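# A structural walkthrough
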Amino acid sequence: QVQLVESGGGLVQAGGSLTLSCTASGRTFSTYASAWFRRAPGKEREFVAGITWSGRSTYYADSVKGRFTISRDNAKNTVYLQLNSLEAEDSAVYYCAASRVMRSSPSYEFWGQGTQVTVSS
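Heads up: these notes are all about the structure in this document. None of these values were measured; they are calculated from a predicted model.

Here is what the cut-offs are and how they apply
Residues numbered from 1 in each chain as written. Predicted model: local features only at pLDDT ≥ 70, side-chain atom pairs only at ≥ 80, totals over all residues. Heavy atoms only, no water. Helix = DSSP H or I, 4+ residues; strand = E, 2+ residues; numbered from the N terminus. Buried < 20%, exposed > 50% of the residue type's maximum accessible area, 1.4 Å probe, protein only. Contact = heavy atoms within 4.5 Å. Salt bridge = Lys/Arg side-chain N within 4 Å of Asp/Glu carboxyl O.

It is worth spelling out the side chain of D90 at this point. Mapped onto the fold, D90 is located in the loop between β8 (78-83) and β9 (92-99). Classification of D90 by relative accessible area gives buried; the value is 1%. Among all residues touching D90, those that are not within four sequence positions of it are R38, R67, F68, S85, V117 and V119.

Here we take up the pattern of salt bridges. A complete count under the given rule lists five salt bridges for this structure. Where D90 meets R38, a salt bridge forms, and the shortest distance between an N and an O atom there is 2.9 Å. In this pair, D90 sits in the loop between β8 and β9 while R38 sits in strand β4 (residues 33-39), placing the two residues 52 residues apart along the sequence. According to the relative accessible area criterion, R38 is buried, its value standing at 5%. The shortest N-O distance in the salt bridge between R67 and D90 comes to 2.7 Å.

Structure representation (structure tokens):
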């Protein structure tokens, strides 16, 4: 079992930055791929970024490419999402997920409770 807890969300002005963290419990977290998804009001949950268990490969949605960066520190059981140049359209609840295989569909084994990001224009 892996339990995920997100933190770092908040209110930020357009153009600003935030860093989200996802801390996992469980000794095997370093063997899991991880991803960030988001869900805005009235919209479906969408893939934002993913990272393989080693951290060597990362993937991004076109909408965030060049603005967001996903990374991980397996020694700390933590995955990060750096959000830069934020836009009002980035406002959503951001969820961390983990699974044996990284994929852009939301078919992940483990999910966090989410953290709210609100960007004011």
